Amino acid sequence: MINVTKTFLPPQEAYQAVLQRAWETGWMTNRGVLVQELEATLISYLGVKNIIATTNGTLPIQIAIKGLGLSGEIITTPFSYVATTSSIVWEGCIPVFVDIHDKYLTIDETKIEAAITPNTSAILATHVFGNPCHVEAIEAIAIKHNLKVIYDAAHSFGVEYKGKSMFNYGDVSTCSFHATKLFHTGEGGAMFANNKAVHDKLFYHHNFGHDGPEAFQGLGINAKMSEPQAAMGLAVFPYFETILKERKKVADAYKDAFAKSDLQVLKIREHTQWNSCYYPVIFKNEAQLLKVKQALETENIHPRRYFYPSLDTLPYVKAEACVISRKIAASVLCLPLYVGLAAKDVERIINIIKTNLC
Ligand SMILES: Cc1ncc(COP(=O)(O)O)c(C=O)c1O
């Protein structure tokens, strides 16, 4: 069976060797040595000021909303994983959807200002499929209207824009280290804030508000990463450059194969060093997508409809009719892409798709 992705697993001995250190300390959580070592490793690799490792990639979004003191309306993208929208609603705010760019698939920055009202407190945008949003335009709008910016950078580990990690942008950036992501800790995630006061707030929030064992700095929740999670991260990290290279080979094969076809592929924003985290292809319409999906599934190949449905159609939000997002969501399919996907299988996938396009 070929799935859309396959978790990269380091050699089991490598994981056990790191895990052994948790046995030596007797600590399984509460920011033990492995979490601290992982954070230091990632700060240095990513060139970021700060990081807070978390238990998944959803809680950091919720904590960022809480920590930045947001309320009322938050402008957001309808084309992302559901966690982007659900976090806004979970925190008692109202998502206001702005349609996406039809090539980059990120929020259309030229449409943001028209959606701002006196109740708008922030912009929460996703660097979808690792493709950066127009961060300069969004920053300018945020400054002009006194709004906060959160980037859901769940897909952006290893992506650089203008020579900097994506996690340097916005008031807060968040990431997911879920097992399906390029760099992973099984379940896991992180949040990043350049401003020290914001960082400290997020830090307290992620650990019940604890300021030492007997004092509290405000309201908190439990979003701590555990030692076994950090051990997985430390065991995966030495392979990260190989992961990037191997995935690029597959992504390049798809790119070459579809260059002269009718399929639309993702336009990567200029000045971006991309991480080949997903390979979305956009069909002429949903009927064509369903035909190709069925043909692949008959061969036991399982692409995924990332991201479907468009989030402006969720049952718990006000429908905004984001026409481009709905059209893309109905016709996009992410193709299998992972380390170890054989070249002959990539070729087979390409052939099945091409045969079923007409
Ligand atoms: C865009 C986006 N945001 C948030 C998340 C949530 O991350 P997690 O599954 O680690 O909670 C995901 C997960 O896939 C995602 O794709």
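Just above sits the structure.
Calculation rules
Residues numbered from 1 in each chain as written. Predicted model: local features only at pLDDT ≥ 70, side-chain atom pairs only at ≥ 80, totals over all residues. Heavy atoms only, no water. Near = heavy atom within 4 Å. Polar contact = N/O pair within 3.5 Å; in protein donor to acceptor, adjacent residues only side chain to side chain. Areas by Shrake-Rupley, 256 points an atom, 1.4 Å probe, with all protein chains shown as cover. 1 Å grid on protein atoms, 1.4 Å probe; cavity = no way out; pocket = protein on both sides within 12 Å on 5 of 7 lines; lining within 4 Å. Sits in = over half its atoms within 2 Å of the grid points. Nonpolar A, V, L, I, M, F, W, Y, C, P; charged D, E, K, R; others polar. Points joined across faces, edges and corners; volume = space filled by probe spheres on them. Domains from an automatic or database assignment. Helix = DSSP H or I, 4+ residues; strand = E, 2+ residues; numbered from the N terminus.

Novice: Describe the site of the ligand, naming the residues involved and giving the relevant values.
Specialist: Taken together, 14 residues lie around the ligand, and Thr58, Asp152, His155, Ser176 and Lys181 are the ones closest in. Within the contact set of the ligand, an oxygen atom lies 2.8 Å away from a side-chain nitrogen or oxygen of His155. Out of a free accessible area of 390 Å², the ligand has 90% covered by protein chains. Judged by the fraction of its atoms near the pocket grid, the ligand is located in the largest pocket. Considering only residue class, the shell around the ligand consists of 3 nonpolar, 9 polar and 2 charged.

Novice: Before we move on, could you go through empty space enclosed by the protein and cite the residues and values that matter?
Specialist: Per the stated rule, a full pass over the model turns up 2 cavities of 30 Å³ or more. Taken together, Thr5, Lys6, Thr7, Phe8, Ala179, Thr180, Lys181, Leu182, Ile243, Arg247, Tyr338 and Val339 make up the lining of the largest cavity. A breakdown of the residues in the lining of the largest cavity according to their chemical character gives 6 nonpolar, 3 polar and 3 charged. For the lining of the largest cavity, the two domains that each supply at least three residues are domain 1 (2-238) and domain 2 (240-355). Volume-wise, the second largest cavity comes out at about 50 Å³. In terms of lining residues, the second largest cavity is bounded by Ala154, His155, Ser156, Phe157, Cys175, Ser176, Lys181, Leu182, Asn275 and Cys277.

Novice: Describe the layout of surface pockets, naming the residues involved and giving the relevant values.
Specialist: Over the atoms, a rolled probe matching the size of one water molecule traces out where space is still vacant. Considered as a void within the structure, the largest pocket measures approximately 450 Å³ in volume. Residue composition of the lining of the largest pocket, grouped by class: 13 nonpolar, 12 polar and 5 charged. When residues of the lining of the largest pocket are assigned to domains, at least three fall in each of domain 1 (2-238) and domain 2 (240-355). If you add up the space inside the second largest pocket, you get close to 310 Å³. Around the second largest pocket, the lining comprises 16 residues; the ones closest to its centre are Asp252, Lys255, Ile268, Trp274 and Tyr279. Taken together, the elements giving at least two residues each to the lining of the second largest pocket come down to helix H9 (240-258) and strand S12 (272-273). Among the elements that line the lining of the second largest pocket, the one with the most residues is H9, at 5 residues.

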